[in-house]
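Commentary on secondary and tertiary structure
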There are 2 protein chains.
Amino acid sequence: MPPLRTALLQSSGRAGSVDDNLAALDAAAARAAAAGARLLVCPELFLTGYAIGDAVPELAEPADGPAARAVADICVRHGLAVHYGYPERAGEAVFNAAQLIGPDGTPLANYRKTHLFGSFEEKWFTPGVRPVVQAELDGVRVGLLICYDVEFPENVRAHALAGTELLLVPTALMHPFPFVAEAVVPVRAFESQLYIAYVNRAGVEGEFDFTGLSCLAGPDGTVRARAGRGEELLVGEVDPALLATSRAVNPYLRDRLPGLYGSLV
Amino acid sequence: MPPLRTALLQSSGRAGSVDDNLAALDAAAARAAAAGARLLVCPELFLTGYAIGDAVPELAEPADGPAARAVADICVRHGLAVHYGYPERAGEAVFNAAQLIGPDGTPLANYRKTHLFGSFEEKWFTPGVRPVVQAELDGVRVGLLICYDVEFPENVRAHALAGTELLLVPTALMHPFPFVAEAVVPVRAFESQLYIAYVNRAGVEGEFDFTGLSCLAGPDGTVRARAGRGEELLVGEVDPALLATSRAVNPYLRDRLPGLYGSLV
């Protein structure tokens, strides 16, 4: 199977302006497609901005709302899949969600963040209850988590056990936690033997100072692509052959002893 | 509570010679005590050497055998606890074990490696079945794992949930896995909010090329002390106050959602 060329859009867009962020996404999709990417991953809540406080309820949209249709149009126009974070409206509830739409405009999967972070998120969002959400893209099993979720090894392990090969993690990692981007994410990829596309916001937004440092981490412990602190479009390859080799050399999934882990649940 | 000053003996001793290794341990205990340490941690199978192949059954001793008595004598003489790896004889079975003996010569805990690594260990050792073994030392809750065990986040998490504050990990980490010492161990300490004393062998021994790089990793993501590739005695502090601060800033143990982790067991 050929590698899946994957683009990571490190950007904060413009807080509160869905139109501006859809325009930024369209431009990034054009660049990603020109670089040969079949998948473009955006940060957490990219559609609306993260520091939008009281605007969360009014900017939230259903998974099949107008913004989703606009993203689907971008996918079709540029011939690549897009994964984007957004506040999802579902009746009275609002979730911190991320949706993957395929190159033909078909929604492939929608994930609701289970592990909310801090008082801002706890105030505005309902936690999701489904730990493992997956889709198939060009023969690669893709899994979805958001930000704080990936800091818990349990969540990544559950994905690996369910067959995830590439984990997409839109994030909003802020000061003073660069250790998460620099160290935790590569170790998650290694210990559970999968790729992780960790895509962050950048710069100051309201009270938050985002760290950038987005990365595509490989299962062999190497970081295949790494951003700096500012806005950036990264491109890297997710290679099923490298994954197979790495899993043979690092047989964590085979050697684990689930019978000893009862205290974790 | 005052910090627990901890010494890490990175050394391969002399393969096959228990007498030489007890002498090396005695000398290291003298240096560690002079540096104010209350605890000295040795590598995996330090008592006998790691690359001893066919000699495993004959060099294996019960947990209360003559070598344990010799180590207890070293503890009393230098006024510090010693944790050492050794092949443990228990009837027909031989375990890859490590024992903690207190400053007064009292055995405090004995751990049998549960996650054996590679064909050498699988040939000679029976896996242990008790995932969490702990002891109390100067008011610090100490937990025991060995080498490959720590590479599984489940094992470290089980310790954190059981109250472990300092995890002692004798190891025999070899080429080409320096990523484990450099990245995985500090992330384990951070994600489960505890200290880890990871103590490796050094240099070439039989078919193995040990990487050194022992470290005392802190719960805040910093490495408090780090060895190079050769023989070395490291000393660092395990500080309950720093641990409490770090747990408040990084509330992973509070924020985890065990109800979502059912697939891990």
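Residues numbered from 1 in each chain as written. Chains lettered and ligands numbered in written order. Predicted model: local features only at pLDDT ≥ 70, side-chain atom pairs only at ≥ 80, totals over all residues. Heavy atoms only, no water.

1. As for the overall build of chain A
Rules: We count a stretch as a helix when DSSP gives it H or I for four or more residues in a row; a strand needs E for two or more, and each element gets its number in order from the N terminus. As a reference, a globule follows 2.2 Å times the number of residues to the power 0.38, and the radius of gyration itself is taken over C-alpha atoms. Remark: exposure states derive from per-residue accessible area (1.4 Å probe, protein chains only) relative to the maximum for the residue type, with buried under 20%, exposed over 50%, and partly exposed in between. Contact definition: two residues touch when any of their heavy atoms are within 4.5 Å. Computed with the Shrake-Rupley method and a 1.4 Å probe, the accessible areas treat only the protein chains shown as cover for residues.
If you tally the helices and strands in chain A, you get eight helices and 14 strands. The C-alpha atoms of chain A give a radius of gyration of 17 Å, which matches the 18 Å a tight globule of 265 residues would have. Within chain A, buried positions represent 60% of all 265 residues. Excluding contacts between residues fewer than 6 apart, the proportion of contacts in chain A whose partners are at least 24 apart in sequence is 69%. Accessible surface, chain A as shown: approximately 8900 Å² in total, 54% of it carbon and sulfur.

2. Digging into the relation of the copies chain A and chain B
Selection criterion: Overlaid copies result from least-squares superposition on C-alpha atoms, with residues included only where pLDDT is at least 70 in both.
Under the fitted operation, chain A is carried onto chain B by 0.0 Å of movement along the axis and a turn of 180 degrees, and the coordinates agree to an RMSD of 0.0 Å. Expressed as a symmetry operation, the mapping of one chain copy onto the other fits a two-fold axis. The overlap is high: 100% of the interface residues of chain A also sit at the interface in chain B, so the same surface is used on both sides.

3. A few points about the layout of surface pockets
All names here are of chain A. Basically, it comes down to this: Lining residues are defined by having an atom within 4 Å of a point belonging to a cavity or pocket. Those points lie on a 1 Å grid over the protein atoms alone, cavities being sets where a 1.4 Å probe fits but cannot get out and pockets being open sets with protein on both sides within 12 Å along at least five of seven lines. Grid points are joined across faces, edges and corners, and a volume is the space filled by probe spheres set on the points. Each residue receives one of three labels: charged for Asp, Glu, Lys and Arg, nonpolar for Ala, Val, Leu, Ile, Met, Phe, Trp, Tyr, Cys and Pro, and polar for the others, Gly being one of them.
The calculated volume of the largest pocket comes to roughly 160 Å³. In terms of residue count, helix α4 (residues 118-124) provides more of the lining of the largest pocket than any other element does, three residues in total. Counted by class, the lining of the largest pocket contains five nonpolar, two polar and one charged residues.

4. Section: the sheet that holds strand β6 (residues 134-137) of chain B
Sheet strands associate in pairs through backbone hydrogen bonding, adopting either a parallel or an antiparallel arrangement. All names here are of chain B. Rules: Here the rule is simple: two strands pair whenever DSSP picks up at least two bridges between them. Note on geometry: axes are lines fitted to C-alpha atoms, helical ones only across the stretch in contact, with angles between N-to-C directions running from 0 to 180 degrees.
The strand order across the open sheet built from six strands is β6-β7-β8-β9-β12-β13, with neighbouring strands paired in mixed fashion. Edge strands, defined here as strands with exactly one partner in the open sheet, are β6 and β13 (223-226). Taken over all neighbouring pairs, the strand axes of this sheet differ in orientation by 20 degrees on average, direction set aside. Of the strand pairs in this sheet, strand β12 (residues 215-217) and β13 are connected by three bridges, and their pairing is antiparallel.

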